[in-house]
Amino acid sequence: KSITVPKSGRHTTRGIRDYRNFVESDFIEEILQVPWDIACQFDDPNVCWQAWKSIFLEILDRHAPMRCKRIRGTSVPWITSNVKRLMKNRDFHKKQAIKHASSAHWDMYKIERNRVNVAMRSAKKVYFRDKIKECLQSRDVKKSWNLINTLLSRNKKSSNVNELHINNSVIVDNKQVADAFNEYFVQIGPKLAAEVCDPTSQFTNSSDPQDCSNSYLGPRFVFSQINQINVATSLSQLKVSKAT
């Protein structure tokens, strides 16, 4: 099993309802046809609530199914409403160009893309200029350093895991993420233990390099006895002209 934690600062995914094909009259009509009494036949109110919720969500999923939406990992406070409008026009022409293979939309997309880049640079410049003025007026050192770190992209990285990539699937539910981590770390010990040799195996004199029992044998280090003659010989070999 391959588990990957996305790098912090990148986008995350969140489940939202897709109301593009939602028809209110059809939804209300199906809601009115449901025999809701079956959700009230239990004595436990929690069970009744779960039964009602299950029926309601089943109908809602047919009219407004869930879909994953990408959410920016880091906030960009200098994006103004004007920049968002330009980005919307840029994305519109790009989608139309891909959908209809239209060269006219491609040309418009390039124009809108350049406008977005210019507007982003200008908005970012104005944002930090105003923030620097605020810091100078307030003389808040902490606020000034936070602004400098933001400008230099040196903010603290969050250690929270919002999503997890397992093989080819993406998990965003907190409980499923915790279960995946738990399963991974529970299995990693036995997996690594199976790849190494049994330390209780007996050492042999086998010359086979693949023999696992000889992998623990290495060069031996033994202290030998030293007598006065050995010490005197070593001292006589020292150079008196050097500090030792």
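Higher on the page you've got the structure.
Bear in mind that the values here come from a model prediction, so they are computed numbers and not experimental data.

The rules behind the values
- Residues numbered from 1 in each chain as written.
- Predicted model: local features only at pLDDT ≥ 70, side-chain atom pairs only at ≥ 80, totals over all residues.
- Heavy atoms only, no water.
- Salt bridge = Lys/Arg side-chain N within 4 Å of Asp/Glu carboxyl O.
- Helix = DSSP H or I, 4+ residues; strand = E, 2+ residues; numbered from the N terminus.
- Buried < 20%, exposed > 50% of the residue type's maximum accessible area, 1.4 Å probe, protein only.
- Patch = residues over 30% accessible without salt bridge, like charges linked within 9 Å, V, L, I, M, F, W, Y side chains within 5 Å.
- Areas by Shrake-Rupley, 256 points an atom, 1.4 Å probe, with all protein chains shown as cover.
- Axes fitted to C-alpha atoms, helices over the stretch in contact; angles between N-to-C directions.
- Parallel < 35°, antiparallel > 145°, perpendicular 65-115°, else oblique.
- Left-handed = near helix turned anticlockwise from the far one by under 90°.
- Contact = heavy atoms within 4.5 Å.
- Phe/Tyr/Trp six-rings, centres within 6.5 Å; stacked < 30°, edge-to-face > 60°.
- Expected span 1.5 Å × (residues − 1).
- Polar contact = N/O pair within 3.5 Å; in protein donor to acceptor, adjacent residues only side chain to side chain.
- Nonpolar A, V, L, I, M, F, W, Y, C, P; charged D, E, K, R; others polar.

S.K.: Whenever I open this one, the pattern of salt bridges confuses me. Can you help?
M.R.: In a structure, side chains of opposite charge can pair up when their charged atoms sit close to one another. Tallying each qualifying case throughout the model produces 11 salt bridges. Of the charged contacts, one joins D61 and R17 as a salt bridge, the two residues approaching to 2.4 Å between their closest N and O atoms. With D61 in helix α2 (residues 45-63) and R17 in strand β2 (residues 12-17), the pair connects residues that are 44 residues apart, well separated along the chain. For E134, the salt bridge identified is with K143, shortest N-O distance 3.7 Å. For E134, a relative accessible area of 34% corresponds to the partly exposed category.

S.K.: Just to check I follow, could you spell out a nonpolar patch on the surface for this structure?
M.R.: The grouping of V141, W145, I148, L151 and L152 at the surface amounts to a nonpolar patch, some 490 Å² of accessible area in total. Tracing the backbone shows I148 in helix α5 (residues 141-151).

S.K.: Mind showing me how you'd approach the packing of helix α4 (residues 103-138) against α5 here?
M.R.: Packed helix pairs are characterised by how far apart their axes lie and by the angle those axes make with each other. Orientation of α4 relative to α5, taken along the N-to-C sense of each, is 160 degrees, at an axis distance of 9 Å. When the axis of α4 is compared with that of α5, the two are roughly antiparallel. Considering how the two elements wind past one another, α4 and α5 form a crossing that is left-handed. Contacts between α4 and α5 involve F128, K131, I132, E134 and C135 on the former and, on the latter, K143, S144, L147, T150 and L151.

S.K.: Looking at this structure, how should I read the packing of aromatic side chains?
M.R.: To describe a pair of aromatic rings, you give the distance between the ring centres and the angle between the ring planes. Evaluation of the coordinates by the stated rule reveals 12 aromatic pairs. Geometrically, the ring pair formed by F22 and F27 is tilted, given 5.4 Å between the ring centres and 50 degrees between the ring planes. Judged by its relative accessible area of 27%, F22 falls in the partly exposed class. Taken together, a centroid distance of 6.0 Å and an interplanar angle of 80 degrees make the contact between F27 and F56 edge-to-face. Here F27, found in helix α1 (residues 24-32), pairs with F56, found in helix α2; they are 29 residues apart in sequence, far enough to count as distant. A relative accessible area of 12% places F27 in the buried class. Ring pairing ties together the aromatic residues Y19, F22, F27, W36, W49, W52 and F56, which thus form one cluster.

S.K.: Explanation requested: α4 in the structure shown.
M.R.: Each full turn of the α-helix corresponds to 3.6 residues, which orients residues three or four apart in the same direction. End to end, α4 covers 52 Å across 36 residues, agreeing with the expected 52 Å (1.5 Å per residue, within 8%). Among the residues of α4, Y109, E112, V116, A119, A123, F128 and C135 are the ones counted as buried. Structurally, α4 contributes buried residues whose contacts are with α3 (81-100) and α5. Where α4 begins, the side chain of S102 points an oxygen toward the backbone nitrogen of A104, at a separation of 3.4 Å. In the segment just after α4, R139 is the residue with positive phi, at about 55 degrees.

S.K.: Looking at this model, I keep getting lost on the packing of α3 against α4. Mind explaining?
M.R.: The N-to-C vectors of α3 and α4 enclose an angle of 155 degrees; their axes lie 8 Å apart at closest approach. Classed by the angle they form, the pair α3 and α4 counts as roughly antiparallel. The chirality of how α3 crosses α4 is left-handed. Together, V83, L86, M87, N89, R90, F92, H93, K94, Q96, A97 and I98 of α3 and H105, W106, M108, Y109, E112, R113, R115, V116, A119, M120 and A123 of α4 make up the contact between the two elements. Its residues assigned to classes, the contact of α3 with α4 comprises 13 nonpolar, four polar and five charged.

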